[in-house]
Amino acid sequence: MSYSIGIDVGGTKVLGGVVDIEGKVLAHARRETPRQGGAALVAAIADVADELMTKFAIDSIGISAAGLVSSDRKTMLASPNIAGWNGMDLEHELSELIGLSVVIENDANAAAWGEAKFGAGRNEEHLMLLTIGTGIGGGLVINRNLYRGAFGVAAEFGHIRVVPDGHLCGCGARGCFEQYASGNALLRHAREAINASPEVARNLLSLGDGTVEGMTGQHITDAARLGDGVALAAFNTTAQWLGAGIASLTMTLDPHCVIIGGGVIEAGEILLAPTRLAVERYMPFAGRHPSPKIIAAELGNEAGLVGVADLARGKYS
Ligand SMILES: [Zn+2]
């Protein structure tokens, strides 16, 4: 049996798993993500790998992390959310500590591959994944191959400009898709509605500490499940942006399906149903243009580690 380790580097935790060729996770290890990033985070990743390597004979190791990764899958070209990682040859740093070469992959690419091979996209030939959390990550699988582009940085759907001179984005540009259709955008849409008429938000705010600042995406999801109007409107506004973006991407990429993952998909149909309607509403050639299926991811927060473990094995199909 061939065992590969996948390690997903998240904002709060570094989660590793031993993955078999069928995508099953046989063992886990985790560490808190050191806030200072840099070498401390590299050491935490190596720790996770070491712990798993004592239990299984490992052939390959893949690391899934947010940011732009070079086409040779070694260097973090840009990593706005991790301190001290811009330009780091992460493969070199990690292989020195672990004693085995590693493969670095963009987190959404890894998740897209996980879903394509073992999850919601396993029967689809052409698919794209949008991971909707703090921002929007993108991954693209064409002809059952992960599409990485000329320089390794393809499918950054979250940074398509949708509003001229709109909200400032973490990437440095303005008006990016993720500023309007991500989990953070969901919060912004709810805050704007509450600031406009605070009295309507009593139910929603009562789920947290009573303040707009203390409101989280989870509160909005919980309130929407209870039928709260403010929460449902925030989801609907997010879905309008998301659907419009998916319609545009469909005109370029023509996928069989669009898989929605990330923390916000916990809301399920509360997000998906208005998103499907918005895709139809904003689709050019409406009524004549075929639409992709819009479906939920299946692997949850393990998609990245399962996908990158498989990519590290070197099997792309
Ligand atoms: Zn951006």
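Structural data are supplied above this passage.
Residues numbered from 1 in each chain as written. Predicted model: local features only at pLDDT ≥ 70, side-chain atom pairs only at ≥ 80, totals over all residues. Heavy atoms only, no water.

Taken together, 5 strands build an open sheet; the order of strands is β10-β9-β8-β11-β12 and the sheet is mixed. Strands with a single pairing partner mark the edges of an open sheet, and in this sheet they are β10 (145-146) and β12 (293-296). Note: strand β8 (residues 127-132) against strand β9 (residues 136-142), 6 bridges, orientation antiparallel. Bridge pairing in β9 places Leu-129 opposite Gly-139. (Pairing = 2+ DSSP bridges. Helix = DSSP H or I, 4+ residues; strand = E, 2+ residues; numbered from the N terminus.)

Next up on the list: helix α9 (residues 269-282). With 14 residues, α9 ought to run about 20 Å at 1.5 Å a step, and its terminal C-alpha atoms sit 19 Å apart, in line with that. Taken together, the buried residues of α9 touch α8 (229-253), β11 (257-261) and β12. (Expected span 1.5 Å × (residues − 1). Contact = heavy atoms within 4.5 Å.)

Looking at the zinc ion, one finds its protein donor set to be His-159 (ND1), Cys-169 (SG), Cys-171 (SG) and Cys-176 (SG), positioned 2.1 to 2.3 Å from the metal centre. Its 4 donor atoms give the zinc ion angles of 106 to 120° at the centre, a pattern that matches the tetrahedral case. On the primary sequence, the residues serving as donors to the zinc ion are separated as H-x9-C-x1-C-x4-C. Pair noted here: His-159 is in the loop between β10 and α4 (178-181) and Cys-176 is in the loop between β10 and α4, with a separation of 17 residues, a long-range link. Residue Cys-176 is classed as buried on the basis of its relative accessible area of 1%. (Donors = N, O, S within 2.8 Å, 3.2 Å for Na, K, Ca; no water. Tetrahedral: all angles 85-135°; square planar, octahedral: opposite > 155°, others 65-115°. Buried < 20%, exposed > 50% of the residue type's maximum accessible area, 1.4 Å probe, protein only.)

Okay, the sheet that holds strand β3 (residues 25-32) next. Strand order in this open sheet of 5 strands is β3-β2-β1-β4-β7, and the pairing throughout is mixed. In the strand order of this sheet, the two ends are held by β3 and β7 (102-106), each with one partner. The average undirected angle you get between the axes of adjacent strands in this sheet is 20°. In this structure, strand β2 (residues 13-19) lies alongside β3, joined through 7 bridges in antiparallel fashion. Within the sheet, the bridge partner assigned to Lys-13 lies in β3 and is Glu-32. Across the face of the sheet, helix α1 (residues 38-53) comes into contact with β1 (4-9), β2, β3 and β4 (60-65) while running at roughly 150° to β3. Of the strands in this sheet, β1, β4 and β7 are in contact with helix α3 (residues 107-118), which crosses β7 at around 95°. (Axes fitted to C-alpha atoms, helices over the stretch in contact; angles between N-to-C directions.)

All we've got here are geometric facts, nothing functional implied.
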